[in-house]
Amino acid sequence: MATSKASTEATNKKSGRAYPGTFLTLEGPEGAGKTTQVKLLSSKLEALGIPHLITRDPGGTPLGKQIRRILLAPGGSVSPMAELLLYQADRAQHVHELIMPALMEGKLVICDRYTDSTIAYQGFGRGIDMKIIAELNNISTQGLKPELTILFDLESEKGLGRLHPGGHDRLEREAIEFHHKVRNGYLSLVQEEPKRFAVIDATKALSAVQEDLRRIILERFSDRYQLASLL
Ligand code: Z5A
């Protein structure tokens with residue numbers, strides 16, 4: 001969907017954002033069900049003709065797919081700082097190549113994981129200095145922040161239990177203490193920024209979680225997109 005410069009500027013003045021689109025991110029510990037839910041949501045948005053982009057971090061671009069392979073390969077040796085920088089390299093490319101252009105076209109952009117994952121996993125999980133993470137998050141995204149972040153919350157044991165025993169990738173195979181720190185990290189982010197976050201109880205049945213997700217999107221963005229039939 002092409003958007004003229006004049007209409008973009010008009011939308012910007014009205015919304016106060018630097019782009020006419022809407023940026024929403026999904027977060028959560030392992031096995032929370034984000035990927036499953038976003039697929040269900042995408043078919044509905046498609047059916048309603050809502051201009052949207054569903055993407056994921058890491059791995060949203062061709063370069064990101066290569067970085068993702070390195071990051072998640074089981075048994076690979078990646079130091080905490082190298083890991084942090086690889087996630088940021090993926091994100092810099094992702095924002096530049098995919099996310100920002102889609103926002104400039106007025107799309108509803110839904111990204112499965114973003115900067116909060118880095119705070120939760122590399123910050124709370126690995127213990128890297130939060131100031132370094134905040135600075136790198138800001139550089140890699142050119143300051144682009146999500147308007148709304150939906151946290152799919154569940155206990156680490158429950159999420160990991162949904163994956164096959166021992167986990168598939170390098171991060172899933174971390175000790176349970178690491179996963180506890182990640183989950184608690186997310187919960188403290190919600191406390192710090194209650195207006196940006198919405199929390200879904202990810203232990204509910206698939207259909208109930210999907211309904212919660214749609215309801216939140218409908219309530220927040222029906223003034224921008226034709227979402228009346230989303231539920
Ligand atoms: N990471 C990081 O460290 N730093 C960063 O900055 C970023 C990421 C951006 C990305 O891997 C990894 O990188 C991730 C964080 C880290 N950690 N790991 N590993 P990914 O993209 O492959 O993984 P993920 O986002 O964590 O996906 P996931 O763990 O597979 O979770 P999910 O997408 O939330 O869940 P799902 O695949 O939709 O569902 C998992 C299973 O549960 C599946 O069998 C479903 O059928 C089942 N499921 C889903 N919902 C339900 C309900 N409601 N009830 C019962 N069963 C369910």
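Keep in mind it's a predicted model, so treat the numbers as computed, not measured.

Draft legend 1. Geometry of the pairing of strand β4 (residues 148–153). Taking burial as the measure, the six residues of β4 include six buried ones, the bulk of the element. Of the two faces of β4, both are covered, the one formed by Leu-148, Ile-150 and Phe-152 as well as the one formed by Thr-149, Leu-151 and Asp-153. In terms of strand pairing, strand β1 (residues 22–27) meets β4 through four bridges, oriented parallel. The partner of Leu-26 across the bridge, within β4, is Ile-150.

Draft legend 2. Molecular detail of the nonpolar core. Of all hydrophobic cores here, the largest spans 25 residues; its most connected members are Leu-45, Ile-110, Ile-150, Phe-152, Leu-213, Ile-217 and Leu-227. Contributions of two or more residues to this core are made by β1, α2 (34–48), β3 (108–112), β4, β5 (197–201) and α9 (206–221). If one sorts the elements of this core by residue count, α9 sits on top with six residues. Core analysis: the second largest hydrophobic core is formed by 19 residues, Leu-136, Phe-178, Val-182 and Val-190 among them.

Draft legend 3. Here's a closer look at the sheet that holds β4. Judged by pairing direction, the sheet is parallel, and its five strands sit side by side in the order β2-β3-β1-β4-β5 without closing on themselves. Because the sheet does not close on itself, it has two edges, and the strands there are β2 (52–56) and β5. Taking each pair of neighbouring strands and ignoring which way they run, the sheet shows an average axis angle of 20°.

Draft legend 4. Here's a closer look at the packing of helix α5 (residues 115–125) against helix α8 (residues 176–192). Close contact between α5 and α8 brings their axes to 8 Å; oriented N to C, the two are set at 130°. By the angle between their axes, α5 is oblique relative to α8. The handedness of the crossing between α5 and α8 comes out as right-handed. Across from Asp-116, Ser-117, Ile-119, Ala-120, Tyr-121, Phe-124 and Gly-125 in α5, the residues of α8 making contact are Phe-178, Lys-181, Val-182, Gly-185, Tyr-186, Ser-188 and Leu-189. Of the residues in the contact of α5 with α8, the class split is eight nonpolar, four polar and two charged.

Draft legend 5. Up close: the packing of α5 against helix α6 (residues 130–141). The contact between α5 and α6 brings their axes to 10 Å, and the two run at 155°. Taken as axis vectors, α5 and α6 run roughly antiparallel relative to one another. For the crossing formed where α5 meets α6, the hand is right-handed. Contacts between α5 and α6 involve Thr-115, Thr-118, Ile-119, Gln-122, Gly-123 and Phe-124 on the former and, on the latter, Met-130, Ile-133, Asn-137 and Thr-141.

Criteria and thresholds
- Residues numbered from 1 in each chain as written.
- Predicted model: local features only at pLDDT ≥ 70, side-chain atom pairs only at ≥ 80, totals over all residues.
- Heavy atoms only, no water.
- Buried < 20%, exposed > 50% of the residue type's maximum accessible area, 1.4 Å probe, protein only.
- Helix = DSSP H or I, 4+ residues; strand = E, 2+ residues; numbered from the N terminus.
- Pairing = 2+ DSSP bridges.
- Core = buried A, V, L, I, M, F, W, Y, C linked by side-chain atoms within 4.5 Å.
- Axes fitted to C-alpha atoms, helices over the stretch in contact; angles between N-to-C directions.
- Parallel < 35°, antiparallel > 145°, perpendicular 65-115°, else oblique.
- Left-handed = near helix turned anticlockwise from the far one by under 90°.
- Contact = heavy atoms within 4.5 Å.
- Nonpolar A, V, L, I, M, F, W, Y, C, P; charged D, E, K, R; others polar.

Purely geometric numbers; function is a separate question.
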